[in-house]
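This is what each chain is made of:
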Amino acid sequence: MDTTQEDETEGRSSSGVTVKPVVNAVRILRFLTETDTPERAADIARQLSINPSTCFNILRTLAAEDMVAFDPASKTYSPGLGLAKLVGHLVTQGQRLDIARPLLQQFAARFHVTVTLWRQMGYDRIVLVSSEASPSDLRIDMAIGQRLPIFMGASGRLFAAEVDLDPTAMRAAFEKIRWARPLEFDEYCQQVQFAREHQWAIDDGYFSAGIMAIAAPVRDRAGAIAFAVSAVMFRGQYIGADADKLGGEVRKLADKLSNLLF
């Protein structure tokens, strides 16, 4: 047989083969990305006319591969971070931030805070690129695009922990910042060191009176800080051990964003 003819015959043969579990997996992923709310396995099976047991096994496999996310409390499934990473190289950074928005919204609603994303602009400024407020009646709204001195706020302490400045240069930058309440340089340096050691930072009313923020670094593939994600709340909303626990949760959120965005 002619080689060309043989290749064409093989191509036609292979193109006619469908693997039903794969087809159902694609249908499930498409369904979850098109629906606005997380769905239960039984409802997905009914909507797509898939055997319930088969549907559950496919969902469990997709969850193990991080293609879907499973919420054990509500027993529902939604698109996973792995799915976003799979197509990450095809989208712009702005689109990736759109993909990350549900994570920010969920965190804001869960902890009743405003979640913000900051990135460095130039050598001496950070800019707010994303903000999601808690759906509660009393909340803090922050305008996209606002800029701050790079060492200001909880996010600023993270960036300060990354730079290699001598004490004189650090003090000079510190003294240019208008703090909402008195803050000694030595105390600020201790807070920067805390951020360096714990990978999260806190600003308790120094950025803005009555406001507390807890931030953690979002790192790129090289390990450099690309963004700072911050939970912004009213002072007294989280104190002591509760604030420490929230710091750990913000750090977990930052790790998820690192995996999603990079």
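See the structure shown above.
Since we're looking at a predicted model, the values are computed, not measured. Residue positions are given per chain, counted from 1 along the sequence in the order it is written. The predicted origin of the model limits local features to residues at a pLDDT of at least 70 and limits the giving and counting of side-chain atom pairs to 80 or more, whereas totals for whole chains, interfaces and linings rest on all residues. The side-chain figures draw on all heavy atoms in the structure; neither hydrogens nor water molecules are used.

1. Quick look at unusual backbone geometry
Here the phi dihedral of Ser49 falls at roughly 55°; this positive angle occurs in a residue that is not glycine. Counting from the N terminus, the helices are the DSSP runs of H or I reaching at least four residues and the strands are the DSSP runs of E reaching at least two. Topologically, Ser49 is positioned in the loop between α3 (41–48) and α4 (52–64). For every residue, the accessible area obtained with a 1.4 Å probe (protein chains only) is divided by the maximum for its type, and the residue is called buried under 20%, exposed over 50%, and partly exposed between those limits. You can call Ser49 exposed: its relative accessible area is 68%.

2. So, the layout of surface pockets
Rolling a probe over the atoms, with the probe sized like a water molecule, indicates the empty space that remains. Only protein atoms enter the 1 Å grid used here. Points where a 1.4 Å probe fits but cannot escape make up a cavity, open sets with protein on both sides within 12 Å along at least five of seven lines make up a pocket, and a residue lines them when an atom lies within 4 Å of a point. Grid points are joined across faces, edges and corners, and a volume is the space filled by probe spheres set on the points. Considering only enclosed or pocket space, the largest pocket measures out at about 1,100 Å³ in volume. Taken together, 33 residues line the largest pocket, and the ones lying closest to its centre are Ser78, Pro79, Pro102, Leu103 and Gln106. Taken together, the elements giving at least two residues each to the lining of the largest pocket come down to α2 (20–34), β2 (68–71), β3 (76–79), α5 (81–86), α6 (93–111) and α10 (241–261). In this classification, the charged set is Asp, Glu, Lys and Arg, the nonpolar set is Ala, Val, Leu, Ile, Met, Phe, Trp, Tyr, Cys and Pro, and all remaining amino acids, among them Gly, are polar. In terms of residue class, the lining of the largest pocket is built from 18 nonpolar, 7 polar and 8 charged. Here the second largest pocket is characterised by a volume of approximately 380 Å³. If you go around the second largest pocket, you meet 16 residues; those closest to its centre are Tyr123, Asp124, Ile150, Phe151 and Ala173. Taken together, the elements giving at least two residues each to the lining of the second largest pocket come down to α7 (153–162) and α8 (167–175).

3. A word on empty space enclosed by the protein
As enumerated under the stated definition, the model contains 2 cavities of 30 Å³ or more in all. Considered as a void within the structure, the largest cavity measures approximately 110 Å³ in volume. Secondary-structure elements contributing two or more residues to the lining of the largest cavity are β4 (114–121), α7, β8 (211–219) and β9 (225–234). When residues in the lining of the largest cavity are grouped by element, the largest group, 3 residues, is from α7. Its residues assigned to classes, the lining of the largest cavity shows 10 nonpolar, 4 polar and no charged. By volume, the second largest cavity is sized at about 30 Å³. For the lining of the second largest cavity, the secondary-structure elements that each account for two or more residues are α7, α9 (185–198) and β8. Examining the composition of the lining of the second largest cavity, we find that 3 residues originate from one element, α7, more than from any other. Split by residue class, the lining of the second largest cavity holds 4 nonpolar, 1 polar and 3 charged.

4. Comments concerning the sheet that holds β2
At least two DSSP bridges between two strands are needed for those strands to be called paired. Across the sheet, which stays open at both edges, the 3 strands sit in the order β1-β3-β2 with antiparallel pairing between neighbours. Every other strand in the sheet has two partners, leaving β1 (39–40) and β2 as the edge strands with one partner each. Judged from the 2 bridges that link them, β1 and β3 form a sheet pairing that is antiparallel. Bridge pairing in β3 links Arg40 to Thr76. Of the strands in this sheet, β1, β2 and β3 are in contact with α2, which crosses β3 at around 85°. We call two residues in contact whenever any of their non-hydrogen atoms come within 4.5 Å of each other. Note on definitions: angles span 0 to 180 degrees between N-to-C directions of axes, and those axes are lines fitted to C-alpha atoms, for helices only across the stretch in contact.

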